[in-house]
Amino acid sequence: QVQLVESGGGLVQAGGSLRLSCGASIGTFSLYAMAWFRQVPGKEREFVAAISWTGGSTYYADSVKGRFTISKDNAKNTIYLQMNSLKPEDTAVYYCAADRFGTGTSNSNKYEYWGQGTQVTVSS
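So, here is what we can say about the structure in this document.

Procedures and definitions
- Residues numbered from 1 in each chain as written.
- Predicted model: local features only at pLDDT ≥ 70, side-chain atom pairs only at ≥ 80, totals over all residues.
- Heavy atoms only, no water.
- Helix = DSSP H or I, 4+ residues; strand = E, 2+ residues; numbered from the N terminus.
- Buried < 20%, exposed > 50% of the residue type's maximum accessible area, 1.4 Å probe, protein only.
- Lys, Arg positive; Asp, Glu negative; His and termini not counted.
- Salt bridge = Lys/Arg side-chain N within 4 Å of Asp/Glu carboxyl O.
- Contact = heavy atoms within 4.5 Å.
- Pairing = 2+ DSSP bridges.

We now examine the side chain of D99. Counting through the fold element by element, D99 comes out in strand β9 (residues 92-100). Although D99 is buried, it makes no salt bridge; K110 carries the closest opposite charge, 6.4 Å away. Look past the residues within four positions of D99 in its chain and what remains in contact with it is L31, Y32, A33, T105, K110 and Y111.

Here's what the structure looks like:
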């Protein structure tokens with residue numbers, strides 16, 4: 001009965017911006033830590049950003065720190081990833097994930113629920 005649906009991916013030029021959204025059909029959305037991961041074919045899934053269930057703490061991979069911002073809107077059961085100053089190496093399928101009462105771990109194995117992903121392609 002839990003469903004996470006990502007949207008907002010697309011093609012953007014290097015240096016541009018994109019905002020990803022993830023709508024969640026989940027019980028008591030506010031109790032879940034939410035995160036974004038990304039994956040390129042042939043590579044391991046990579047942590048991007050996370051927000052604790054309280055919304056009070058955020059965490060970012062070093063590769064995106066200062067460029068990406070994760071946020072959560074409990075009223076809309078939605079999380080966002082604002083992506084600025086995009087680079088070609090940001091190209092990947094981006095997934096959102098949920099972890100009940102989570103603190104925002106970067107370990108993908110801790111997340112219970114996953115979306116199907118949205119493609120982000122950054123051209124040089």
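Of all 8 residues in strand β4 (residues 32-39), 7 are buried; the element is thus mostly enclosed. Pairing between β4 and β9: 8 bridges, direction antiparallel. Bridge pairing in β9 links R38 to Y94. With 5 bridges connecting them, β4 and strand β5 (residues 46-51) associate as antiparallel partners. Along β5, the bridge assignment pairs A35 with A50. In this antiparallel pair of consecutive strands, β4 and β5, the connection spans 6 residues, and G42 shows a positive phi of 90 degrees.

Without other data, these values stay purely geometric and don't point to any function.
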